[in-house]
Amino acid sequence: MTYFVYMLLCQDGSFYLGSTDDVQKRFAKHQLGKGASYTRSHKPVKVVYTEELVDKSAALKREYVLKQLTHEQKTLLTT
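Numbering of residues starts from 1 in each chain and follows the order in which that chain's sequence is written. In keeping with the predicted nature of the model, local features appear solely for residues at pLDDT of at least 70, side-chain atom pairs appear and are counted solely at 80 or more, and the whole-chain, interface and lining totals rest on all residues. Just so you know, side-chain values use all the structure's heavy atoms and leave hydrogens and water out.

Turning next to the sheet that holds strand E1 (residues 3–10). Two strands are said to pair when DSSP picks up at least two bridges between them. Elements are defined by DSSP. Helices are runs of H or I of four residues or more, strands are runs of E of two residues or more, and each kind is numbered from the N terminus. On the basis of which strands lie adjacent, the open sheet formed by three strands has the order E2-E1-E3 and antiparallel pairing. Unpaired on one side and paired on the other, strand E2 (15–20) and strand E3 (44–53) mark the two borders of the sheet. Taking the axes of each pair of neighbouring strands and ignoring which way they run, one obtains an average angle of 20° across the sheet. By the bridge criterion, six bridges tie E1 to E2 in an arrangement that is antiparallel. Looking across to E2, one finds that Met7 is bridged to Leu17. Lying over the sheet, helix H1 (residues 23–31) contacts E1, E2 and E3, oriented at roughly 150° with respect to E3. To obtain each axis, a line is fitted to C-alpha atoms, and for helices this fit is confined to the stretch in contact; angles are then taken between N-to-C directions over 0 to 180 degrees. The contact criterion used is simple: two residues touch if any of their non-hydrogen atoms lie within 4.5 Å.

Take a look at the structure:
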């Protein structure tokens, strides 16, 4: 099953990284306040990055790597 790593831009300029099998459905949950606790207090504005991976395990590993990046490095991914 295909999984995705995604990055959201939040209203305060911060980024949120996550993984899912359906990016648009997960984004909608974040916007409704039913996603991660981080996005309840940092309202997500839009999806700015997605990366398709072969399975959930690969997506979680890639998510971990991306979370280690600085804010500037994450910004470069969005361009």
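Now, onward.
Here we come to the pairing of E2. Each residue is placed in one exposure class: buried if its accessible area under a 1.4 Å probe, protein chains only, is under 20% of its type's maximum, exposed if it is over 50%, and partly exposed if it falls in between. The buried fraction of E2 amounts to five of the six residues, a majority that puts the element mostly inside the structure. Count of turn residues in the E1/E2 antiparallel hairpin: four residues, of which Gly13 carries a positive phi of about 90°.

This part covers the side chain of Ser14. For Ser14, the position within the fold is in the loop between E1 and E2. Polar side-chain contacts of Ser14 include one of 2.6 Å to the side chain of Asp12. Beyond its immediate stretch of four places on either side in the chain, Ser14 contacts Leu8, Leu9, Tyr38, His42 and His71. Here a polar contact means two N or O atoms within 3.5 Å. Within protein one must be a hydrogen donor candidate and the other an acceptor candidate, and residues neighboring in sequence count only if both atoms are side-chain atoms.

The next thing to look at is helix H3 (residues 56–67). One less than the residue count of a helix, multiplied by 1.5 Å, gives the span that helix is expected to have. In this model, H3 (12 residues) spans 16 Å end to end at C-alpha, consistent with the 16 Å of a helix rising 1.5 Å per residue. Among the residues making up H3, those that are buried are Ala59, Glu63 and Leu66. Buried residues in H3, looked at end-on, bunch into an arc of 65°, giving them a common side. Residues Lys61 and Tyr64 are exposed on H3 and point more than 90 degrees away from its buried face. Buried residues belonging to H3 abut E1, E2, E3 and helix H4 (71–77). Picture the helix axis, draw a direction to every C-beta atom, and the arc is the one those directions span.

Aromatic ring pairs are described here by two measures, namely the spacing of the ring centres and the angle between the planes. Stacked, edge-to-face and tilted are the three classes for Phe, Tyr and Trp ring pairs, Trp counted by its six-membered ring, which pair at centre distances within 6.5 Å; planes under 30 degrees apart are stacked, over 60 edge-to-face, the rest tilted. Scanning all chains against the criterion turns up two aromatic pairs. Seen in terms of ring centroids, Tyr6 and Tyr16 are 6.3 Å apart; in terms of plane orientation they differ by 50°. Their pairing is tilted. Of this pair, Tyr6 sits in strand E1 while Tyr16 sits in strand E2; the two residues are 10 residues apart in sequence, bridging distant segments of the chain. Side by side, Tyr6 and Tyr16 carry an identical accessibility label, which is buried. Centroid distance Tyr16 to Tyr38: 6.2 Å. Interplanar angle 20°. Geometry classified as stacked. Taken together, the residues Tyr16 in strand E2 and Tyr38 in helix H2 (residues 37–41) connect sequence positions 22 residues apart. Here the aromatic residues Tyr6, Tyr16 and Tyr38 are joined through ring pairs into a cluster of three or more.

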